[in-house]
Amino acid sequence: MTVYFIGAGPGDPDLITVKAKARIEACPVCLYAGSLVPEAVVACAPEEAKVMDTAAMTLDDTHAEIKAAHERGEDVARVHSGDPSLYGAIAEQIRRLRADDIPFEIIPGVPAYAAMAATIGQELTIPEIAQSIVLTRMSMQSTSMPEGETLDNFGRTGATLAIHLAVRNMREIERQLVPHYGADCPVVVGYRVGWPDQEIIRGTLSDIRMKVRKAKITRTALIMVGPALAESHEFVDSALYDPSKPHVLRPVTGVDLVEPNNT
């Protein structure tokens, strides 16, 4: 048997990969994080499958179910929100699987930041404005952050920040980032992106806190900060399609280009 860690995407059942859906359809056991994964995502599980919402279960509980399935020779679909590589809490599960010699495979999913960028209709990497994205979170009541991984440090880069698990700490976000981005820097907060009740709130570092408070959003939100999030820009075109900048797939007529030596 195999345990499949499946990225369910941000919530929209249509944003799950073909491979992920096929695994859910085939597994006799399906364990899904119901607090973050809509039931509609796992509705394709076999009619006779054992489908369990793990929101109220402990690591010991879920591992016991996996071990029992292993003894029966039944594949397990372990369904997580977004992409399981990011705040998926799969590392401790994998550690136990390896200790018990239980095979596993990871199937990636659409991460929340990508779904949010699609929802607001924007590219996150704008030429000469922002070319980097920092995926981070704040400590709050969850696991503490490693030394050096602070909003203040990340803010110094000027990159687009995608901040998870922090909607209850908007005041601190404002305090740490205004010195680097300015009070008028664009901010977008996405609540339950991909769910039927999703909500997108736009603002700036100076006013987003009150807008979020007015909307009574206290969980399940992604905060994005950075100049690339402005709804309109004055920026140069990417060099990717610039006819004056040839490359091996679009050489200038009469000029032979040599493939770069990557060694």
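Definitions and limits used
- Residues numbered from 1 in each chain as written.
- Predicted model: local features only at pLDDT ≥ 70, side-chain atom pairs only at ≥ 80, totals over all residues.
- Heavy atoms only, no water.
- UniProt positions renumbered as here; feature names shortened; annotations may be inferred.
- 1 Å grid on protein atoms, 1.4 Å probe; cavity = no way out; pocket = protein on both sides within 12 Å on 5 of 7 lines; lining within 4 Å.
- Points joined across faces, edges and corners; volume = space filled by probe spheres on them.
- Helix = DSSP H or I, 4+ residues; strand = E, 2+ residues; numbered from the N terminus.
- Nonpolar A, V, L, I, M, F, W, Y, C, P; charged D, E, K, R; others polar.
- Phe/Tyr/Trp six-rings, centres within 6.5 Å; stacked < 30°, edge-to-face > 60°.
- Lys NZ or Arg CZ within 6 Å of the ring centre and 35° of its normal.
- Buried < 20%, exposed > 50% of the residue type's maximum accessible area, 1.4 Å probe, protein only.
- Pairing = 2+ DSSP bridges.

If you look the chain up in an unreviewed UniProt entry, it shows as Precorrin-4 C(11)-methyltransferase from Neptunicoccus cionae. Recorded under Sequence similarities (unreviewed entry), the UniProt text for the chain is reproduced unchanged: "Belongs to the precorrin methyltransferase family." The UniProt entry for the chain carries this comment under Pathway (unreviewed entry): "Cofactor biosynthesis; adenosylcobalamin biosynthesis."

A. Spotlight on the layout of surface pockets. Put simply, the largest pocket is a space of about 1400 Å³. If you trace the largest pocket, you find 44 residues lining it, with S35, L36, S81, Y87 and L165 closest to the centre. Looking at the lining of the largest pocket, the elements that each hand over two or more residues are helix 2 (59-72), strand 4 (76-80), helix 3 (91-99) and strand 10 (221-225). A class-by-class count of the residues in the lining of the largest pocket yields 19 nonpolar, 18 polar and seven charged. Looking at the second largest pocket, the residues that line it are V167, R168, N169, M170, R171, R209, V212, R213, K216, I217 and T218. Secondary structure elements with two or more residues in the lining of the second largest pocket: helix 6 (170-181) and helix 7 (208-215).

B. Seen up close, the packing of aromatic side chains. As enumerated under the stated definition, the model contains one aromatic pair in all. If you follow R192 out to its NZ or CZ, it ends over the ring of W195, 3.9 Å from the centre.

C. The pairing of strand 7 (residues 160-164), seen in detail. With five of its five residues buried, strand 7 lies for the most part within the structure. Neither face of strand 7 is left uncovered, since the one carrying T160, A162 and H164 and the one carrying L161 and I163 both have all their residues buried. Taken together, the five bridges between strand 6 (residues 133-137) and strand 7 define a ladder with parallel strand orientation. By the bridge assignment, T136 is partnered in strand 7 with I163. As defined by bridge partners, strand 7 adjoins strand 10 across three bridges and the pair is classed as antiparallel. What sits directly across from A162, in strand 10, is M224.

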